[in-house]
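Residue-level structure breakdown
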Amino acid sequence: AFVKAAMPASATRAGLAKGLAHASGLVRHATLCLLLRVLCAIRRRVARLDETAANAADAGNAADAERFAALARRARGAALAALPEPQALLAEISKQRRSPNEESDPTRKSVASESDMNRIHALNALAEYCELVGPEGLAEANVDPAKTTPPEPLDLPPAELAATVGFLAAARGVPS
């Protein structure tokens, strides 16, 4: 129910995966935007369940705490079953970054900025995924956060640098 409330009925795991792998940058961008919003909504709902479980435990109600914790685990499992694998997001991140020649070529600027935007959304979606499943879940999905960091991270555009730092922080378990 948590996933159904956050995801449009027509969006399926296969449809999202096809959208992320689509040849059109616009389709990939729209899919990344949808996926990011869905991940945010699911993560917020699961975080409320975790908080309620912790509050019940603090109040000394172990039975309620366990019920809410079990519900949160089931919601996480349902989300992982309904969403595409994080490797699809990694594929978007690994797409070619702009070279200095492309930055000065006005005919390539729109293509490069589209690619930059898609990488930023993919990094933000990975951060949300990581906050949903935790660093252990990220490791189980075979995602190595170090591979998302370019050789010269300070050369990244500010928005991409912020998204990279956000993802790395989430991967290390630093709360947002």
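First, a word on what this report is: a plain description of the structure on this page. On a predicted model such as this, the values are computed, not experimentally measured, just so you know.

With respect to the overall build of the chain
What the chain contains, in helices and strands, is eight helices and zero strands. In sequence order, the chain lays out its α and β elements as α-α-α-α-α-α-α-α. In the chain, 75% of the contacts between residues at least 6 apart in sequence involve partners at least 24 apart. Summed over all atoms, the accessible surface of the chain reaches about 9700 Å², with 58% contributed by carbon and sulfur.

What about the packing of helix α2 (residues 13-21) against helix α3 (residues 25-58)?
Direction vectors running N to C along α2 and α3 enclose 135°, while the axes themselves pass 7 Å from each other. Judged by the inter-axis angle, α2 sits oblique to α3. In this structure, the crossing between α2 and α3 has a hand that is left-handed. In this structure, α2 contributes L16, G19 and L20 to the contact, and α3 contributes V27, R28, T31, L32, L34 and L35.

What to know about α3
The first and last C-alpha atoms of α3 sit 48 Å apart over 34 residues, in line with the 50 Å expected at 1.5 Å per residue. At the N-terminal end of α3, a side-chain oxygen is found 3.3 Å from the backbone nitrogen of L26, two or three residues along, and the residue is S24. With its phi angle positive at about 85°, G60 sits one or two positions after the end of α3.

With respect to the nonpolar core
I42, L83, L89 and F167 are the most contacted members of the largest nonpolar core, which totals 40 residues. If you list the elements that add at least two residues to this core, you get α1 (2-6), α2, α3, α4 (62-82), α5 (86-93), α7 (109-140) and α8 (158-171). Ranked by residue count, the leading element in this core is α7, at eleven residues. With sequence-adjacent residues up to four places away left out, L83 is seen in contact with M7, R13, L16, L35, V38, L39 and I42.

Observations concerning the environment of P135
Relative to the helices and strands, P135 resides in helix α7. Residue P135 is classed as partly exposed on the basis of its relative accessible area of 31%. As a C-alpha pair, P135 and A169 span 34 residues in sequence and 9.9 Å in three-dimensional space. Apart from the residues within four sequence positions on either side, P135 is in contact with C130, A170, A171, R172 and G173.

A short note on the packing of α3 against α4
In the contact formed by α3 and α4, the axes pass within 7 Å of each other and the chain directions differ by 165°. Considering the angle they form, α3 stands roughly antiparallel to α4. For the crossing formed where α3 meets α4, the hand is left-handed. Judged by residue contacts, I42, V46, L49, D50, T52, A53, A56 and A57 of α3 engage D64, A65, F68, A69, L71, A72, A75, R76 and A79 from α4.

Concerning α8
Helix length check: α8, at 14 residues, gives a terminal C-alpha distance of 20 Å against a target of 20 Å (1.5 Å per residue), a fit within 8%. Of all the positions in α8, only E160, A163, T164, F167, A170 and A171 are classed as buried. Angular distribution of buried residues about the axis of α8 spans 130°; they occupy a single face of the element. In the segment just after α8, G173 is the residue with positive phi, at about 85°.

Section: the pattern of salt bridges
Applying the stated criterion across every chain yields a total of nine salt bridges. A salt bridge links R119 to D116; the nearest nitrogen and oxygen atoms lie 2.4 Å apart. Placement of the pair is R119 and D116 together in helix α7, with a separation of three residues, close to one helical turn. A residue is classified by how much of its surface remains accessible, and D116, at 8% relative accessible area, is buried. E160 serves as the salt-bridge partner of R119, at 2.9 Å between the closest nitrogen and oxygen.

Description of unusual backbone geometry
Positioned with a positive phi, N142 is a non-glycine residue whose angle comes to about 60°. One can find N142 in the loop between α7 and α8. The class of N142 is exposed, set by a relative accessible area of 65%.

Reading the values: the criteria
- Residues numbered from 1 in each chain as written.
- Predicted model: local features only at pLDDT ≥ 70, side-chain atom pairs only at ≥ 80, totals over all residues.
- Heavy atoms only, no water.
- Helix = DSSP H or I, 4+ residues; strand = E, 2+ residues; numbered from the N terminus.
- Contact = heavy atoms within 4.5 Å.
- Areas by Shrake-Rupley, 256 points an atom, 1.4 Å probe, with all protein chains shown as cover.
- Axes fitted to C-alpha atoms, helices over the stretch in contact; angles between N-to-C directions.
- Parallel < 35°, antiparallel > 145°, perpendicular 65-115°, else oblique.
- Left-handed = near helix turned anticlockwise from the far one by under 90°.
- Expected span 1.5 Å × (residues − 1).
- Polar contact = N/O pair within 3.5 Å; in protein donor to acceptor, adjacent residues only side chain to side chain.
- Core = buried A, V, L, I, M, F, W, Y, C linked by side-chain atoms within 4.5 Å.
- Buried < 20%, exposed > 50% of the residue type's maximum accessible area, 1.4 Å probe, protein only.
- Arc of directions from axis to C-beta.
- Salt bridge = Lys/Arg side-chain N within 4 Å of Asp/Glu carboxyl O.

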